[in-house]
Amino acid sequence: MKRLLRIFCMFAASASFAAEKPNVLVIVADDLGYADVGFQGCKDIPTPNLDRLAKQSVHCYSGYVSHPFCSPTRAGLMTGRYQQHFGHENNPAWLPEDTKSGLPLDQVTLPQLMRKAGYVTGAVGKWHLGAHPQFHPNKRGFDDYFGFRGGGHIYLAGTKGGAEYHVPLEFNGQERPFDDYLTNILGREAAGFVERHQGKNWLLYLAFNAPHTPLSAPPELLAKFSGIADEGRRTYAAMVHAMDAAVGVVLARLDATKQRENT
């Protein structure tokens, strides 16, 4: 993995197909089923934006994450290393006073490397790599961060969830309003990053919590899937479809700002 990260960074710094260094957009879904998108054969959840990306891309049918649950997977992704090599093998609890539970500070991260290569770096969405301020995304290589730092979050204001799931949304440490369906907010914020930094080289890590629990979707979105009898499946389908739509918002902004070909 470390070697792969180095190859990736070299690619980002010296790609021959573009006159300038390409922008890099990394999109992550959380707990998404292997067969719950159109390009994997799903029939009851439309995912046109993800399907379009798959059609235009290399499709790795047997690609696997390096760990089966949340935080260790993200630690591997952020470092390019197997997380067991540096002791990050469990989900850290939401303990803002704990200076031990988080991505170890001696680990170099992808955004840190990209900043050295002249990139503006941004993260939107779920972090889950430590709650203490020293683990904050802004201190691990990201110039901009919008999202929530715990392992999950409610999707609609006023719904139930543990303390971690009610942590205020933030932008670079400043609280932001929670005034829409969460997946919509994340897509909108990611599109805003793309627009703000046009003309620069940028890395954007867009980490949805969808369709991770709690299963939750607004009534108007659930109505689109009224043909699915099972309530859990119906809500899950709405969540996946909303995530796909949010990806579409980001892709549309790339097109509108004429950045798609260099991303």
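Provided above is the structure to which this section pertains.
Reading the values: the criteria
Residues numbered from 1 in each chain as written. Predicted model: local features only at pLDDT ≥ 70, side-chain atom pairs only at ≥ 80, totals over all residues. Heavy atoms only, no water. Buried < 20%, exposed > 50% of the residue type's maximum accessible area, 1.4 Å probe, protein only. Helix = DSSP H or I, 4+ residues; strand = E, 2+ residues; numbered from the N terminus. Pairing = 2+ DSSP bridges. 1 Å grid on protein atoms, 1.4 Å probe; cavity = no way out; pocket = protein on both sides within 12 Å on 5 of 7 lines; lining within 4 Å. Points joined across faces, edges and corners; volume = space filled by probe spheres on them. Nonpolar A, V, L, I, M, F, W, Y, C, P; charged D, E, K, R; others polar. Axes fitted to C-alpha atoms, helices over the stretch in contact; angles between N-to-C directions. Parallel < 35°, antiparallel > 145°, perpendicular 65-115°, else oblique. Left-handed = near helix turned anticlockwise from the far one by under 90°. Contact = heavy atoms within 4.5 Å. Phe/Tyr/Trp six-rings, centres within 6.5 Å; stacked < 30°, edge-to-face > 60°. Salt bridge = Lys/Arg side-chain N within 4 Å of Asp/Glu carboxyl O. Expected span 1.5 Å × (residues − 1). Core = buried A, V, L, I, M, F, W, Y, C linked by side-chain atoms within 4.5 Å.

(A) Region of interest: the pairing of strand β6 (residues 202-207). When you tally the buried positions in β6, you get six out of six residues, the bulk of the element. The two faces of β6 match: W202, L204 and L206 on one face and L203, Y205 and A207 on the other face are all buried. Sheet topology places strand β1 (residues 24-28) next to β6; five bridges connect them, and they run parallel. Within β6, the residue paired with V28 across the bridge is A207. Note: strand β2 (residues 120-126) against β6, six bridges, orientation parallel. Its bridge partner lying in β6, V124 is registered against L206.

(B) Representation of empty space enclosed by the protein within the structure. For the structure shown, the criterion picks out one cavity of 30 Å³ or more. Its boundaries defined by the atoms lining it, the largest cavity holds a volume of some 40 Å³. As for the largest cavity, its lining consists of G122, A123, V124, D144, Y145, F146, F171, E189, F193 and R196. For the lining of the largest cavity, the elements supplying multiple residues, two or more each, are β2, β3 (144-148) and α5 (182-196). Within the lining of the largest cavity, the residues separate by chemical class into six nonpolar, one polar and three charged.

(C) View of the packing of α5 against helix α7 (residues 231-256). For the pair α5 and α7, the least separation of the axes is 8 Å and the interaxial angle reads 15 degrees. Relative to α7, α5 is oriented roughly parallel. Handedness of the α5/α7 crossing: right-handed. Listed contacts from α7 to T183, G187, A190, A191, G192, V194 and E195 of α5 are A242, M243, A246, V249, V250, R253 and L254. Class assignment for the residues of the contact of α5 with α7 results in nine nonpolar, three polar and two charged.

(D) How the structure looks around unusual backbone geometry. Of the consecutive residues A210 and P211, the connecting peptide bond is found in the cis state with omega at -5 degrees. Positive phi values are uncommon outside glycine, yet N172 reaches one of about 50 degrees. Along the chain, N172 falls in the loop between β4 (170-171) and β5 (174-175). By relative accessible area, N172 is classed as partly exposed at 27%.

(E) Molecular detail of the packing of aromatic side chains. Taken as a whole and judged by the stated rule, the model has four aromatic pairs. Residues F193 and W202 carry aromatic rings whose centres are separated by 6.0 Å and whose planes lie at 85 degrees to one another, so their mutual orientation is edge-to-face.

(F) Just the sheet that holds β4, in detail. Strand order across the open sheet formed by six strands is β1-β6-β2-β3-β4-β5, with mixed pairing between neighbours. Two strands bound the open sheet, and with one partner strand each, they are β1 and β5.

(G) Here's a closer look at the pattern of salt bridges. Evaluation of the coordinates by the stated rule reveals eleven salt bridges. Through salt bridges that share partners, D30, R74 and K126 make up one connected network.

(H) Structural context of α5. Along its 15 residues, α5 runs 21 Å from first to last C-alpha, staying within 8% of the 21 Å computed at 1.5 Å per residue. Judged by how many residues are buried, α5 sits mostly within the fold: eleven of 15 residues are covered. The complete set of buried residues in α5 reads L182, T183, I185, L186, G187, E189, A190, A191, G192, F193 and V194. In this fold, the buried residues of α5 make contact with β2, β3, β6 and α7.

(I) Local environment of the nonpolar core. In this structure, V124, F146, Y181, W202, L204 and F208 are the most contacted members of the largest nonpolar core, which totals 39 residues. Put simply, the parts of the chain that give this core at least two residues each are β2, β3, α5, β6 and α7. Element by element, the count of residues in this core is highest for α7, at twelve residues. When residues no more than four places from it in sequence are discounted, the contact partners of F208 are I27, V28, A29, D30, R74, T183, L186, G187, M243, A246 and V247.

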